[in-house]
Amino acid sequence: MVCLGIFSLLTLVALGVLVFGAQGFHQVVYEQGSQNDIRRIMAAIQRDLTSTHHKSVSLVDRDSASGNQRDGICVVSLDNWNDPGNFDTYLRPKWNRYVVYYATLEEKGQNQTGRLIREVCIPGSNVGPYEFDKFLNSPGYYLTEGPAANTIDITSQVLTDRLWKFELTNNLVAQSVSLRLALRNPPQNTATGTEREMHSMEILQEIKPANTWPQI
Amino acid sequence: MGKPRGIALFLVLTILGIITTMLGAFMTLNHSNFSLLASSMEQAEAQQACLSGYNYALYRIEHDKSFGKEAFRPEDEVTNYGPLDSTLTCTRRSVSTLEYEITGTRMSFSITVLNNLPVSSRSGGSVDPDRRPGDFPDVAADALFLRVVGRSGRAGKRAEAVLHCAPAFDSSALSNGDLVIDQGSVVIDSNDKMRNFIKSNGTINLPRVSSNVRFQHTGDTASVKNPPFGYALARRTIRSGATDLGANTDALADANRDSKGFLSPKTPRKAEILNLDFGDIKLPDGATTSMPPGNYVFTTTKVNIPLQIDYEDADGNNQTDYKNLRITVPAIVRRNTTTQAVEKVWWSKSDISIPQDTDLWLPGYGGAKVTQLSGESLAESTPAQAVVGSDGNAMLADGVYANLWDSNIAVAAGYNVNIDGDFGVLYEREEQRGTVSEGPDGIDYPTWRDNVASTNDFKDATVYLGNAERGSSIKASGKMDLRAVSGRGAVLSHGDLSLNGTLQAEGEGVDAGGIALLSDHDVILKQPDRTSTSDAAAGRLTDTNFHGLVYAEHDFIVNQLVNENQQAVDRDLKITGSVVARQGTIRVGGTRTVNLTYDPKYLDDVVKDLSKNRIKLERYSFTFR
């Protein structure tokens, strides 16, 4: 009996450890999923912003109905970074397209999230290390709630639909862009049936476009 | 039934099995986590090593212009790079690659120059093993294509960059101290597609920005359509009239909006101001000549002209008489700058226009007829003199001419004039456009330049440099005190450089050259000798339209003008190129409008590659993988 008692106790302890471990594991997986989401988005943004020319950075300052920042940014880019024909004799890119990142203004669900869109715009000629005039002057073309309505884009891509905040600041003297990206997950039930709190994850980063010249 | 036996052993073994399994899983998980962590750290370290290598390469290039232009040799890597000696160890080198270990760490980096170097090594002629096909894209010969690989453990990061020489100065106005242009209106403009800056490591004082300062970018109106069109960067603050924009964000926002520029008070980065010396200036590849120091003064001098006078006496007999006519003629004199003693006079005999064979009343001769001009002339009380030919050009030195008619000094194209001491060009004539001079017995007598009637002919003792195709230069070991400067070339002074008149480079456009004005002390635009109200109204003597580089080791000062009634007279100031006060301030006073237009073309025309192994780099492209 003593042995059975000890065995039962140990089994209960082991089960308890397993349950809490599973919960912890679930939590870790859940948070890692969010982290991976934010990393994936940041990787795309970093790639485009790091390789651009700072003089081309143009921002549109927008807020959602509840006051969350939902900005837009447009930078110059290349269709193929591995094509030697896309560079001049100083290996300066011969810019041929603009890349736009913007957040929609919608606030869906309890977590009030919208979408983060990446789109590529090819205005034809006159692409250079300077701002995309049409992006600033015609937001109706490039910053619509439905990316499909942005008819002059060749591609548009939804990076996430759990975007809470997308805040951008252009530092003209430092020739960098400060970025604040926040994702928010809706409340979820845990394995034990308890409701987990709304979970948000935020990243703050300053990106310096490396193909900028002259440096101030 | 007997008591089950071995149940305890079974239970113990089971529990041991569970614990062992859990322990194994835990250790495996931990091991994986540690591996991930180590890998992540190696990646971060590799990235840092790569950036360190890139910055080290920049350091080497900035201190050694041959770096990357010649194949690396073992003796190049003798550690003589100061504090880095104990930090870096060169472990390997090939023709185009250097590899270093960072002492005390597991990090290392390699620097490979992908262009400019010979394909084979100098010694053996073997192909550099570090070079691979595709390493040689068509990079311009005047650029340096670098690849830096940073390593830590098994991780590696690679960066590639193309570096190019930057212009010596990147701003239309650049000062280490304050930059003060607080009167009139100010236009900040640029003919360069990428740069439009004014910079100060002190405070920038502007007139009320919203209404009086405008940024524009005429160099690239096609693409630069949206503000900011230019930047004003100050390490301390920027004042708009009496308002401190560094302490008033609303006023700063208004100023930015209205001026269409970007004003940045409290800029964190200090503006780097290149230390330029005379050896950095492009001088014409021609003759070098020397000229005695002194103040070269356009003035007048009295000379005695022996005349033969044929006349009829009261009885109707022809008579001949000889008389010395003492008249005043235009001249240029060289005065000692300390004692003011006249050292030499140049004057023109042929400038005297006594009409021959015409009736001329001379006192005491009653209707005399001067029929002949003859004899030698002699200037009074001069230690040395030279008589100038009919063209009015006095040769002050080989290649340097002073024109007595037009009151200017021209340095012939291709000539570089050295002056061992102070040098001044002054103007002291009472009245150039006069038509009379003192004749015998104190009677006014027609003398010189009687055809000059218009005030437009007012001369300002201008120094002309070269011609449209080729410049010339003047270099003084002392201070310089000039009136106006025009043309193409360089004016270099080891002392203060004062300009008392207009400052104008001839012509505009691609082919027009610029002027380099360099001083080891101050450059000062002073009060012209004569500024009357009418002169100011007509824009004479007051306005400056300069193309080139003004470089003062200390201050650049534009003084307020006053007229003969001691009233302030405003002038326009347009400088196309760059104004630099390396250690001092830029202070512009008494201006109606100031137009500062950055133009690297004029800088290129006057500044050559930097001497003493110095180089100023600009990064054109950068990729990081």
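What you are looking at is a predicted structure, and each value in this text was computed from that prediction instead of being measured.

What counts, and at which threshold
Sequence order as written defines the numbering, with residues in each chain counted from 1. In the order they appear in the text, chains get letters beginning with A and ligands get numbers beginning with 1. Where totals are concerned, whole chains, interfaces and linings use all residues; where local detail is concerned, this predicted model gives features only for residues with pLDDT of at least 70, and gives and counts side-chain atom pairs only at 80 or more. Segments assigned H or I by DSSP are reported as helices when at least four residues long, segments assigned E as strands when at least two residues long, and all are numbered from the N terminus. Residues with at least 20 neighbouring C-beta atoms inside 10 Å of their own are called buried, those with 12 or fewer are called exposed, and the rest are partly exposed, where every C-beta is derived from the backbone. Throughout, a pair of residues is in contact if the C-beta atoms placed from their backbones lie within 7 Å. In this description the radius of gyration comes from C-alpha coordinates, and the expected globular size is given by 2.2 Å times residues to the power 0.38. Scored between 0 and 100, pLDDT is the confidence that the predictor attaches to each residue. Gly is placed with the polar residues, together with every amino acid not listed as nonpolar (Ala, Val, Leu, Ile, Met, Phe, Trp, Tyr, Cys and Pro) or charged (Asp, Glu, Lys and Arg). A pair of strands counts as paired when DSSP detects no fewer than two bridges linking them. Under this scheme, a helix contributes an axis fitted over its contacting stretch, all axes are lines through C-alpha atoms, and angles between N-to-C directions fall in the 0 to 180 degree range. The nonpolar core is taken to be a set of buried Ala, Val, Leu, Ile, Met, Phe, Trp, Tyr and Cys residues joined by way of C-beta atoms within 7 Å.

Student: Before we go on, may I ask you to explain the overall build of chain B in this structure?
Tutor: From N to C terminus, chain B includes five helices and 47 strands. By the burial criterion, 42% of the 625 residues in chain B qualify as buried. At a minimum sequence separation of 6, the contacts of chain B that also span at least 24 residues come to 69%.

Student: Would you mind going over the overall build of chain A with me for this structure?
Tutor: The number of helices and strands found in chain A is three helices and nine strands. Ordered by position from the N terminus, the helices and strands of chain A form the series α-β-β-β-β-α-α-β-β-β-β-β. Taken over the C-alpha trace, chain A has a radius of gyration of 23 Å; the compact-globule value for 216 residues is 17 Å, which it surpasses by more than 25%. Its C-alpha atoms put chain A at 85 × 40 × 30 Å along the principal axes. Of all 216 residues assigned to chain A, the portion counted as buried reaches 30%. Considering only residue pairs separated by 6 or more positions, chain A has 62% of its internal contacts joining residues 24 or more positions apart.

Student: Quick question: what am I supposed to make of the confidence of the model for chain B here?
Tutor: Detailed conclusions should not be drawn from predicted coordinates in areas where pLDDT is low. Residue and element names in this part refer to chain B. Per-residue pLDDT for chain B has a mean of 78; in total, 74% of the residues score no lower than 70. Note on residues 355-361: pLDDT under 50 across the span, and 13 contacts to partners over four residues away in sequence or across chains. Throughout residues 431-458 the model reports pLDDT below 50, and contacts reaching past four residues in sequence, or to other chains, amount to 49 contacts. Predicted as a complex, the structure gets a pTM of 0.80 and an ipTM equal to 0.80.

Student: Whenever I open this one, the interface of chain B and chain A confuses me. Can you help?
Tutor: Bring the parts together and some accessible area is lost; that lost area is often taken as the interface size. Listed as interface residues are 32 residues of chain B and, on the opposing side, 23 residues of chain A. Those elements that place two or more of their residues in the side of chain B that touches chain A are helix 1 (7-63), strand 4 (143-152), strand 5 (155-165), strand 12 (231-234), strand 15 (262-264) and strand 47 (617-624) of chain B. The element that contributes the greatest number of residues to the side of chain B that touches chain A is strand 47 of chain B, accounting for six residues. Its residues assigned to classes, the side of chain B that touches chain A shows 20 nonpolar, six polar and six charged.

Student: Sorry, what's going on with the sheet that holds strand 1 (residues 88-93) of chain B here?
Tutor: Residue and element names in this part refer to chain B. An order of 1-2-3-4-5-47 is seen for the six strands of this open sheet, with the pairing classed as antiparallel. Either end of the sheet is taken by a strand with one partner, and the two such strands are strand 1 and strand 47. Put simply, the sheet's adjacent strands are angled 25° from each other on average, direction ignored. As judged from the five bridges shared by strand 1 and strand 2 (residues 97-102), these two strands associate in the antiparallel manner. Residue pairing across strands places Leu88 opposite Ile102, the latter belonging to strand 2. Sitting on the sheet, helix 1 touches strand 2, strand 3 (107-113), strand 4, strand 5 and strand 47, and the angle it makes with strand 4 is about 150°.

Student: Honestly, unusual backbone geometry in this entry has me stumped. Any pointers?
Tutor: In terms of backbone geometry, most residues other than glycine have negative phi values and most peptide bonds are trans. Between A:Trp213 and A:Pro214 the backbone carries a cis peptide bond, its omega angle lying at -5°. By the secondary structure assignment, A:Pro214 is in the segment after strand 9 (199-207). Cis geometry marks the peptide bond from B:Pro227 to B:Pro228, where omega comes out at 5°. By secondary structure assignment, the location of B:Pro228 is in the loop between strand 11 (213-215) and strand 12. A positive phi is found at A:Leu91, a non-glycine position, where the angle reads about 60°. With respect to the helices, strands and loops of the structure, A:Leu91 is situated in the loop between strand 2 (72-77) and strand 3 (97-103). For A:Gln112, which is not glycine, the phi dihedral falls at a positive 55°. The exposure class assigned to A:Gln112 is partly exposed, which follows from the 17 C-beta atoms found within 10 Å.

Student: I'm lost on the nonpolar core in this one. Help?
Tutor: Proteins that are soluble and globular tend to have nonpolar side chains buried together. By size, the foremost hydrophobic cluster in this structure holds 104 residues, and its most contacted members are B:Ala232, B:Ile332, B:Val491, B:Leu517, B:Leu549, B:Val550 and B:Val606. With near-sequence residues (within four places) excluded, B:Val550 lies in contact with B:Leu517, B:Val523, B:Phe556, B:Ile575, B:Val579 and B:Val580.

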